[in-house]
Amino acid sequence: MTTASEPREPAIASKASAHARDADAWDAPGASFVAQVWAVARKDLLLEARSRERLVSMGTFAVLVAIVFAFAVDPAVRARSIGGAMVWVTVLFAGTLGMGRSWALEREAEALTGVLLAPIDPGALFLGKWMANMAVMLAVEALIFPVFALFFNLGFQGSIPALAAVVVLATAGFIALGTLFGAIAAHTRLGDTLIPILLLPLLAPVVIFASAATQRLLVGRPAGDVLSQLKMLGAFDLVFLFLCTALFGAVMEE
Amino acid sequence: METMTTPSPATAYAHSGVGSSTDSLAGTRRWAMALGVLAAVTMIAALYMVFFYAPTESTMGVVQRIFYMHVPSAWTAFMAFGIVALCSAGYLWLRDPRLDAIAVSAAELGVVFTTIVLLTGPLWGKIAWGAWWVWEPRLTLTLLLWFIYVGYFILRGAAENPERGKRFAAIMGVVGAVDIPLIHLSVQWWRSQHPKPVVLRPEGAQADPAIVQTLMVALLAFTLLFFSLMLFRYGLERLRTRAQALRVAPR
Amino acid sequence: MSAAAAPAPALAARGVEKWYGPLPAVRGVDFTLAPGEFVTVFGPNGAGKTTLLRILCGAVKPTRGTVTIDGEEIGESDGARRRIGLLSHQTFLYPGLTAAENLDFYARLYGLPRRKERVEEALLSVGLQDRRGDRARTFSRGMQQRLALARTLLHAPSVVLLDEPYTGLDPHASAMLRAVLDRLKDGRRTVVLVTHNLSQGLEQADRVVVQVAGRWVSDEPRGAVDTAAFERVYTERVAAAA
């Protein structure tokens, strides 16, 4: 093979260093699973931090739902006895609203195809998305809980760390299924409207345990009383994080 | 580069991934008919036993007999979903279209039986306790199962291309199956928190042997009916897939 | 152009087919490309060229057949995937991220060392270094395609697939693209270019292919193709195969 004529590369180094640059890339071991997860999560968080689109839409929606509850709940009912329920209903509806958006980002310039071209483990893509979605959802929840406490005068008497544990564990499982089905829904004709239909039956355990635990903590029962619910939520999370990661490759395949 | 000669229709659908072009459905049809006959016979026996052999339950009266339709339907509905789940997992792993055909056949029947459970439950409940609907754990679980089935079918039909739809539905089958035990536990816990637990014991206070026997026969009849119908449906699905491939003959 | 002796073809397809249910998109494509070959694929719309390219880079799984890059089959998380790049009419970029951030993301995905430098060099090579902090959304079509080109070449793929890259480009951007393609012809990189533009496609090709209805109906070395007559010949081939 004869050497090519002088390259017309604008201002870059010589051919030799170009070769070196290439060999560099070829010989590199490639990104680790964790590095890929972080790359995806970071990218999503960067996009969200910049546009704040999901935070704003989910947050606004949640506050409006709280207002609707205020109007809808009979004055004879003590809001304190349904605080846990109201909060989790709102979280679920706001969450399913935001889930679809995360995948819509990928479809804009078909970025998803570019990502899938890379030697990325689909599980890493899933977990990266999951992490980012978790962060966004937790941020919205950090708004929802205080707003409800304010609107309904719910003096929270229980253990805050226990409440945090409930919220994190419940959200993890919710977001795991939400990310999986969000991806699926993005590739159907019905799109985002499909997400709540698919998710809500599957999330029954999350609703049941999370709202019960939240309610107990709200009225001041000790953290030990919610231990069994925390365990169930944790089991749910483990099972579905694993399953969804494993199934994700099948979703992405064309 | 030589151009390929136009493949024959047999090659066409073999290439389109519909599975072995020689898999004969005659055997399936024979089994389906045999099971159908058995089912019919057993069903007649069951009907006889339900109306003439089993005693009238003391507290709930004649209406209690609906239980002999309710319980076997529930059993069948959940067994069907088990089949859906196993075949879905198999399909995702092996991509054999026959597994998908079994899954969709089981799902179609499963949703029918689930609907029967959801209709017979309230019918019985209204007459026995005056309430159309009670959040009894098993009934609640069945209600959620119904929605999971619906999700299965929506995904199958709504995907951009049919292959993807089958894969999405299979994912729903697997996720649903894994979730069902968790839902069951959670719903049971949920009802146990309820101040006045509603105990649905349609079989009545005593387990009279005649009742148990009738129930067993009814269970057998429903199971045979399910498998017979499922095999027919499976055969239909395989034929449909082949017909589709042949219709789009290569130019 | 003779290729350097290589133990395995740079890119090879064996019996590749893609059926969407009963509908065929690619109906049996077999070929081998030596390192450094530049192949241009012409074909009418709906011939399955885009699908074929997507199968070659692993974005789409074929119904049948295998694709190998340097002898390795393309699958998930493989060394093979790291050696191939695709430039399509969709940019595969995030409009909300800046040029540098987009490239940084891809550099992370591929696990490329010296990330910052590499991103900077890539931006330089397509002339976008002054816009590195601007969101991709603010770029014109030509600039977006240049950024996409930078993305494609970021991980120094040895096989580069280009799916109608000239689409929608103004003359300046077209010229830049052509210059980059010229640079790719360095004997080590294998290029498959899909285009409608007969003159642009013939310019750099070593090998000329016509794809119709999912099959390669013609595959000739560039030297055997009469440029002046090619348009007529192409039309004939398309009509014959339809």
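Everything numeric in this text was worked out from a predicted model, so none of it was measured. (Residues numbered from 1 in each chain as written. Chains lettered and ligands numbered in written order. Predicted model: local features only at pLDDT ≥ 70, side-chain atom pairs only at ≥ 80, totals over all residues.)

Can you walk me through the pairing of strand 4 (residues 64–69) of chain C in this structure?
Regular strands show a simple pattern: their side chains alternate between the two faces of the sheet. Residue and element names in this part refer to chain C. Where strand 1 (residues 11–20) lies against strand 4, five bridges are found, and the strand directions are antiparallel. Bridging from a neighbouring strand, Ala12 pairs with Thr68 of strand 4. Sheet topology places strand 4 next to strand 5 (residues 72–73); two bridges connect them, and they run antiparallel. Each residue of the ladder has a partner; that of Thr68, found in strand 5, is Glu73. Here strand 4 folds back onto strand 5, and the loop between the two strands holds two residues, one of which, Asp70, carries a positive phi near 50°. (Pairing = 2+ DSSP bridges. Helix = DSSP H or I, 4+ residues; strand = E, 2+ residues; numbered from the N terminus.)

Sorry if this is basic, but what is going on with the interface of chain A and chain B here?
Reports of interface size often rely on the accessible area that becomes lost once the parts have come together. Residue-level contacts link 22 residues of chain A with 25 residues of chain B. For the side of chain A that touches chain B, the secondary-structure elements that each account for two or more residues are helix 8 (194–202), helix 9 (204–218) and helix 10 (227–252) of chain A. The element contributing the most residues to the side of chain A that touches chain B is helix 10 of chain A, with seven residues. Here the side of chain A that touches chain B is composed, by residue class, of 19 nonpolar, two polar and one charged. (Contact = placed C-beta atoms within 7 Å. Nonpolar A, V, L, I, M, F, W, Y, C, P; charged D, E, K, R; others polar.)

What's the story with the sheet that holds strand 3 (residues 38–42) of chain C in this structure? I'm lost.
In a beta sheet, neighbouring strands pair by backbone hydrogen bonds and run either parallel or antiparallel. All names here are of chain C. Strand order in the open sheet made by the six strands is 6-7-8-3-9-10, with mixed pairing throughout. The open sheet has two free edges, formed respectively by strand 6 (84–87) and strand 10 (215–221), since each of these has just one partner strand. Averaged over neighbouring strand pairs, the angle between their axes works out to 15° when direction is ignored. With four bridges connecting them, strand 3 and strand 9 (residues 207–212) associate as parallel partners. Bridge pairing in strand 9 links Val41 to Val209. Here helix 1 (residues 49–56) sits on the sheet in contact with strand 3, strand 6, strand 7 (159–163), strand 8 (190–194) and strand 9, set at roughly 155° to strand 7. Strand contacts of helix 8 (residues 227–241): strand 3, strand 9 and strand 10, with the helix running at about 35° to strand 9, the strand carrying the most contacts. (Axes fitted to C-alpha atoms, helices over the stretch in contact; angles between N-to-C directions.)

Can you walk me through helix 4 (residues 79–107) of chain A in this structure?
Helical geometry: 3.6 residues make up each α-helical turn, so side chains three or four residues apart lie on a common side. Between the first and last C-alpha of helix 4 of chain A there are 42 Å, a value that for 29 residues agrees with the 42 Å anticipated at 1.5 Å per step. The largest bend in helix 4 of chain A amounts to roughly 30° and is located at Ala85(A). (Expected span 1.5 Å × (residues − 1). Bend = angle between axes of the 7 residues up to and from the residue.)

Mind showing me how you'd approach the interface of chain C and chain A here?
Counting from both sides, the interface comprises 40 residues of chain C and, opposite them, 41 residues of chain A. Taken together, the elements giving at least two residues each to the side of chain C that touches chain A come down to helix 2 (79–82), helix 3 (99–110), helix 4 (115–125) and helix 6 (171–184) of chain C. It is helix 3 of chain C that provides the largest number of residues to the side of chain C that touches chain A, a total of six residues. A class-by-class count of the residues in the side of chain C that touches chain A yields 19 nonpolar, 10 polar and 11 charged.

Before we go on, may I ask you to explain the sheet that holds strand 4 of chain C in this structure?
Residue and element names in this part refer to chain C. The strand order across the open sheet formed by four strands is 2-1-4-5, and the pairing between neighbours is antiparallel. Every other strand in the sheet has two partners, leaving strand 2 (23–33) and strand 5 as the edge strands with one partner each. One ladder, built from eight bridges, connects strand 1 with strand 2; its direction is antiparallel. Opposite Trp19, over in strand 2, you have Pro24 as the bridge partner.

In this structure, what is going on with unusual backbone geometry? I would like to understand it.
Outside of glycine, negative phi angles account for most residues, and trans bonds account for most peptide bonds. Residues and elements named next belong to chain C. Non-glycine residue Phe92 carries a positive phi angle of around 60°. Tracing the backbone through its elements, the reader meets Phe92 in the loop between strand 6 and helix 3. With a phi angle near 50°, Arg114 is a residue other than glycine that sits in the positive phi range. Tracing the chain through its elements places Arg114 in the loop between helix 3 and helix 4.

So what exactly am I meant to see when it comes to the packing of helix 6 (residues 122–151) of chain A against helix 10 of chain A here?
Two quantities define a packed helix pair, namely the angle between the helix axes and the distance between the axes. Residue and element names in this part refer to chain A. For the pair helix 6 and helix 10, interaxial distance at closest approach is 8 Å and the crossing angle is 110°. When the axis of helix 6 is compared with that of helix 10, the two are roughly perpendicular. Between helix 6 and helix 10 the crossing geometry is right-handed. Contacts between helix 6 and helix 10 involve Pro122, Gly123, Leu125, Phe126 and Leu127 from the first element and Cys244, Thr245, Phe248, Gly249 and Met252 from the second. Each residue belonging to the contact of helix 6 with helix 10 can be placed in one class, and the counts come to seven nonpolar, three polar and no charged. (Parallel < 35°, antiparallel > 145°, perpendicular 65-115°, else oblique. Left-handed = near helix turned anticlockwise from the far one by under 90°.)

So what exactly am I meant to see when it comes to the packing of helix 9 of chain A against helix 6 (residues 162–193) of chain B here?
Relative orientation of the contacting elements helix 9 of chain A and helix 6 of chain B amounts to 35°, with a least axis distance of 8 Å. When the axes of helix 9 of chain A and helix 6 of chain B are compared, the crossing they make is left-handed. Note on element contacts: helix 6 of chain B touches helix 9 of chain A through Leu182(B), Ile183(B), Ser186(B), Val187(B), Trp189(B), Trp190(B) and Gln193(B), opposite Ala204(A), Pro205(A), Ile208(A), Phe209(A) and Ala212(A).

Even after reading the chapter, I still don't get helix 6 of chain A, so can you show me in this structure?
Here helix 6 of chain A spans 43 Å end to end across 30 residues, near enough to the 44 Å set by a 1.5 Å rise per residue. Immediately downstream of helix 6 of chain A, the backbone of Asn153(A) shows phi near 55°, a positive value.

Can you walk me through the environment of Val16(C) in this structure?
Residues and elements named next belong to chain C. The topology assignment puts Val16 in strand 1. The spatial distance from the C-alpha of Val16 to the C-alpha of Thr63 is 7.6 Å, given a sequence separation of 47 residues. Residues contacting Val16, with those up to four places away along its chain left out, are Val26, Val29, Ile55, Pro62, Gly65 and Val67.

Explanation requested: the confidence of the model for chain A in the structure shown.
Atom-level detail of predicted coordinates should not be read off regions where pLDDT is low. With 89% of its residues at a pLDDT of 70 or more, chain A shows a mean pLDDT of 87. Here residues 1–15 of chain A scores under 50 on pLDDT; set against residues more than four positions off or in separate chains, the count is 19 contacts. (pLDDT = per-residue confidence, 0-100.)

Looking at this model, I keep getting lost on the confidence of the model for chain C. Mind explaining?
Residues and elements named next belong to chain C. Looking at chain C, pLDDT values average 86 and 95% of them are 70 or higher. Of all helices and strands in chain C, the one with the weakest mean pLDDT is helix 8 (80), whereas helix 3 scores best (94). Per the prediction output, this complex has pTM 0.88; the corresponding ipTM is 0.87.

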